[in-house]
Amino acid sequence: MKKKYAQVIVDNKATSTDKLYTYIIKSSMLDMLQEGMRVLVPFGRGNKIVKGIVVSIEEDYDNKYNLKSIIDIIDDKPLIPKDLIELSLWMSKEYLSSYLSAFQVVLPPGNYKEVQTIVSIKDTFKLKHYKLNSLEQKIINLLKIKGNNLKLETIKEYIKNSNINSAIKALEDKGLIETTLEIENLVGKKYEKYVSLENKSISYDDMVNIIGTRCYKQLEIAKYLLSLKGEDISLKELMKKTNSSLSTVKALEDKGIINIYNKEVYRTPIKGNIPKYKRQLLTPKQKKCVDEIMNSIKGKKEDKKFLIHGVTGSGKTEIYLHLVEEMLKFGKESIILVPEIALTPQTIERFVGRFGDNVAVLHSKLSNGERFDQWRKIKEGKVKIAVGARSAVFAPFNNLGLIVIDEEHENTYKSSMNPKYHAIEVAEKRCEQTGACLILGSATPSIESYYKAKNGKFKLLYLDERINSSEMPKVNIIDMRDELNRGNKSIFSKALYKAIDKNLRDNKQTILFLNRRGYSTFVSCRQCGYVVKCNSCDIAMTYHMKDNKLKCHYCGLAINPPNICPVCNSKYIKYFGIGTEKVENYTKKMFPNAVVKRMDMDTTTKKGSYESILKDMQNKKIDILIGTQMVAKGLDFENVTLVGIIAADTSLNLPDFRGPERTFQLITQVAGRAGRGDYEGKVIVQTYTPEHYSIQCAKEHDYISFYNKEILLREEFKYPPFVNIISIIIYGEDQKLVMNRSKEVYKHLLNEAFDINYKDFKKNIIGPYPAPLEKIKKNYRYQILIKCKDDELEDLKRIVEWVCILNKYKLDYQGIKFNIDINPNSIM
DNA sequence: GAAACCTAAGCT
DNA sequence: GCTTAGGTTTCA
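Residues numbered from 1 in each chain as written. Chains lettered and ligands numbered in written order. Predicted model: local features only at pLDDT ≥ 70, side-chain atom pairs only at ≥ 80, totals over all residues. Heavy atoms only, no water.

### Quick look at unusual backbone geometry
And step 1. Between Asn418 and Pro419 the backbone carries a cis peptide bond, its omega angle lying at -10°.
And step 2. Looking at the element boundaries, Pro419 is found in the loop between strand 17 (400-406) and helix 15 (423-434).
And step 3. With an omega of 5°, the peptide bond running from Pro720 to Pro721 counts as cis.
And step 4. Mapped onto the elements of the fold, Pro721 is located in the loop between helix 23 (703-716) and strand 31 (724-732).
And step 5. Positive phi outside glycine occurs at His701, with the angle close to 55°.
And step 6. What makes His701 partly exposed here is its relative accessible area of 26%.
And step 7. Here the phi dihedral of Lys777 falls at roughly 50°; this positive angle occurs in a residue that is not glycine.
And step 8. Looking at where Lys777 falls in the secondary structure, it is placed in the loop between strand 32 (765-776) and strand 33 (779-788). (Helix = DSSP H or I, 4+ residues; strand = E, 2+ residues; numbered from the N terminus. Buried < 20%, exposed > 50% of the residue type's maximum accessible area, 1.4 Å probe, protein only.)

Spelled out as C-alpha cells, the structure:
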C-alpha cells in the first residue's frame, strides 16, 4: 500500500508553532485514520507526545523535512466534518487568529478526552545493577513509595526539576522503567437505570399468576408498566409515579417480569415543562415572506441569503418556525442564533415548545456535561434543530438547510475572543459551503447588513405591520434642558411622571430603561474636582448603593467610598450621574404603592433570578420594571403600555462611530416593548439632544430615513460598510515600552504598506495613540487603526500578520501583547 | 510553550 | 567532572 501523510495542527499555544505539520501515517492506521480525528504525535526535539487534529490526508510529500509518524489515534470517528475543518482554516485566515483557537470553537466543548503518560518500574532486578544519578534515583524512589503506576503529571508535582523528562527517557532507555499512554474521558456519557418488561406481550392475568395476588404493590407497578404499552421508563420515574420502593421493583426483576438496564441519557439544560407552543396561522404578509424564501430555496443556488426587516412585533419568530418546519419536511437541519440565550428565553421556549425533543440548546451558561451532551445530540443526528448563542453557528450538522440569525444587529454576534469572528460572516460562509439558506432578521438591521441588502448581496424582505395590526407605539421626545429651565431637576420629566402615574392607576405595566447600572456613575470632590478612578483601569468608578461600594465595571474591583477627598482632604465628596439603582430608589420614593423591580447585571447573577423576574412580569406582579439593555431585547408582555427611556443620549456621546446606530436601535427596540397587546403603547424618551437624527428617526419609527442619513455620514467619514477597519491594540504593563513598541510597529506597517503600493497609506493607517480606554486591568493600551477597501483587506491583513504576529522585523515583543480585531464592534 | 541544547560558572 | 542556572533554538 502506498504511503500517506497527515497534516496536523498540534496542541501548542505558541504562535511560532501555529502551522500545519506533516506526519507519516503508519500503514496499520491507514484504514482507520480520517480527517477530523485527533491523534497523538511526537513533537519537538524531545518528541514530547502531544495531541493534534488531522486537517487533511495527503498522498504525496516532497521530502522537505525528516518526517515523524503518528503514534496513535485518539478518536474512533471524526470529531468534526470536513466543512467545519474548512471553516476553521478559513476563520484563522479571515480573523488573523491561530489555527488552534479557530479549531477550539468548532471542536466539542471541553477537552473531553485527556491523554496521560503513565510511568511504571519495569525491571526491579536490573535496577540494583545500575548507577543512577540523583534525579533518576528520586524518580525510582517515588515510584516505589507512591505506587508503581504514576501519572507523569503526578511525578512532576512531587519532583520539581526541569530535566525530569530526559531523566525518565534515560531510565526508559536503560530498560528500567516503561511508559504507557492512557486516554481518559473527562466528560463521560451519563447513564441511568431503565426498566423494561421482559415479555412485552404478557397479559395482566399472566402477571398475576407469576407475582401472586398478595403482592399488591408489585401488581400496581406491573399494571403501570402495561399501561405504557411497551415503552421503557426510567427507574427513578417509575418509583416516583407508582410511589414504590427500590426493593419492590427489584422483586419484580427477581421474578423475571422486568429487566433493569443501563441506558445512555443526555443531560438536558431545558428545565421544567415548557408549554406547547401552538402553530399559528400566518398573516398574508408573513406567508408571502415564507413563500418567497421557500421559492428561492427550491430555485437557484445563489439566491439564498435574506434580510427580513420587520418592525417590532411583526411576527418574525413565527416565520422562522415555519421555515424550520419546511426544512424538516426535506430532512434538513436548522440552526437558530439568538443574541444571548439568557436574554431571549421567550424565543427559545417557542422553539422547544413547537419542536420539543428535536431541539438542542447551546449557550455559555450550560455545564460542561450539558454542553457536551447537546453537542453530541447534534453530531449524532438525534436532533434536527439547534438554538443557541453565537457559537451555535458551528453546530456540527451534516445536512444543514437553514441558518437563522435573529436580531442580527446585536453586537453579541461578534466574538471578542480569538478567533474574533462575526457570526453573520461565518454563517454566510457556512451557507456557501453547504448550500444552506441564511435568514437575518431585525427590526433595526445593522447598517452593514442593510447596505448589503441594498446592493443585492442579501434579498430584502419587509414586514411593515404588527401581527395583530396594533399600531406602533407613540413616541414623545422630552427635552430635558427645558425641564431644567423650568426648575425640574429630578430624574423624571413632568410628562414621564404623569404617564407612569396614569399607567399605575390604569393597572398597566411600565418599563423604564437606562443603559447604566449602579447608583451614581462617578464620585467627585467638589473642592478640587478629583474623580475617584480605578487603580488598575483609569476609569471612573461607579457607586453601588446596595453594598455601599465603588466598583470598576471593567475589572470588577470594589473599594469603600472615601469620606474625605484623598487629594485635598475636603469633605465635599459628591455623587454624580444616575444609574439604574438610583432610578429604582427614586421610583420607589415617588410611587410608594407600586411594585418596582430592577433587572440588570447586578440583580440577575443568581441562576433563575432573571427567569423569576420575567415570570412576575408576565403574571402582572410587577408594576414598574427598571432595567438596562436586558429589558430591550425580545420581551413580549401584552400588559406593558408605557416605556420610559430615562436618558437616550448615553450611547450617543461615546467616541465611537456606531453611537448613533446604537442609539437608534436601543430606542426602537425598547419602544417596541410597548403596546404589543390589545392596548395602545406609549413611549417617552428623555434626552438632552432631541434634535439628533437618531432620536428623531426613532420617534417616527423610520428606519429608512435613519439609514439614509447614517450611510451618508459613514461614506463621508470613511467608516464601515465603505471601509474595513483593522484595529490593533498594543498593550502591556509598562507604559513607555508599550508606547515605544507601538511607534515601531506603526513605522513598519507604513513601510510594508508603501512596499505594496497601498494608496493613501499615511492617511489610512492611523495612530499610534492611547486607546480610548487607556488603561484596563493594569495594562496600558495604544491603538493603531487601519482603514481599507474590501479589495485591499487581504494585503493589509498579511502586513499586520508579518509585523505583529510573525514578527518579521524581529522586534522585541517581550512584555507587550497584541489584540488584533478585523472590523471590530467598536473602536474603543 | 516547552524542552533540548549550549554555555558559563560554581562546587568538590 | 559534575551540577546548576540562564539564554537560545527549534518544533514536520
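Following the structure, the description resumes.
### Here we look at the protein's contact with DNA strand B
And step 1. Taken together, Asn12, Lys13, Ala14, Ser16, Thr17, Arg45, Gly46, Lys48, Lys156, Asn165 and Ser166 form the complete shell of residues around DNA strand B.
And step 2. In this structure, Asn12 approaches DNA strand B through a side-chain N or O atom, which is 3.1 Å from a base nitrogen.
And step 3. Here the surface near DNA strand B is composed, by residue class, of one nonpolar, six polar and four charged. (Near = heavy atom within 4 Å. Polar contact = N/O pair within 3.5 Å; in protein donor to acceptor, adjacent residues only side chain to side chain. Nonpolar A, V, L, I, M, F, W, Y, C, P; charged D, E, K, R; others polar.)

### Here's the deal with the pattern of salt bridges
And step 1. Tallying each qualifying case throughout the model produces 47 salt bridges.
And step 2. Asp636 serves as the salt-bridge partner of Arg350, at 3.5 Å between the closest nitrogen and oxygen. Taken together, the residues span a long stretch of sequence, with Arg350 in helix 13 (residues 345-355) and Asp636 in the loop between strand 28 (624-627) and strand 29 (640-645) at a distance of 286 residues.
And step 3. Residue Asp636 is classed as partly exposed on the basis of its relative accessible area, which comes to 25%.
And step 4. Here Arg486 and Glu483 are joined by a salt bridge, their closest N and O atoms 3.7 Å apart.
And step 5. Given a relative accessible area of 60%, Arg486 falls into the exposed group.
And step 6. In this structure Glu483 comes out as buried when scored by relative accessible area, which is 6%.
And step 7. Overlapping salt bridges bring together Glu264, Arg267, Asp373, Arg376, Glu380 and Lys382 as one network. (Salt bridge = Lys/Arg side-chain N within 4 Å of Asp/Glu carboxyl O.)

### What about the sheet that holds strand 21 (residues 509-513)?
And step 1. Here six strands make up an open sheet; going across it, the order is 20-30-29-21-28-27 and the pairing parallel. Each edge of the open sheet carries a strand with a single partner, namely strand 20 (474-479) and strand 27 (596-599). Here the strands of the sheet are splayed against their neighbours by 20° on average, with no regard to which way each runs. (Pairing = 2+ DSSP bridges. Axes fitted to C-alpha atoms, helices over the stretch in contact; angles between N-to-C directions.)

### A few points about the protein's contact with DNA strand C
And step 1. Looking at DNA strand C, there are 13 residues lining it, with Thr17, Thr22, Arg45, Tyr65 and Lys68 nearest.
And step 2. Between DNA strand C and the protein, one listed contact pairs a phosphate oxygen with a backbone N or O atom of Gly44 at 3.2 Å.
And step 3. Between a base oxygen of DNA strand C and a side-chain N or O atom of Arg45, the distance comes to 2.8 Å.
And step 4. By residue number, the principal contributor to the surface near DNA strand C is strand 2 (residues 20-25), which donates four residues.
And step 5. In the surface near DNA strand C, the residues fall into six nonpolar, five polar and two charged.

### Quick word on the environment of Cys788
And step 1. Within the secondary structure layout, Cys788 lies in strand 33.
And step 2. Sequence separation of Cys788 and Tyr719 is 69 residues, and the distance between their C-alpha atoms is 9.5 Å.

### Quick look at the domain arrangement of chain A
And step 1. Taken as a whole, chain A is organised into domain 1 (4-107), domain 2 (117-265), domain 3 (284-467), domain 4 (474-519 + 578-715) and domain 5 (724-822).
And step 2. A separation of 53 Å is found between the C-alpha centroids of domain 2 and domain 5. (Domains from an automatic or database assignment.)

### Some points on the sheet that holds strand 11 (residues 233-234)
And step 1. Spatially, three strands are ordered 11-10-12 in an open sheet, and the strand pairing comes out antiparallel. If you trace the sheet from one side to the other, it starts and ends with strand 11 and strand 12 (258-265), each paired once.
And step 2. Pairing of strand 10 (residues 190-197) with strand 12 involves eight bridges; the strand directions are antiparallel. Paired with Tyr194 across the two strands is Tyr261, which belongs to strand 12.

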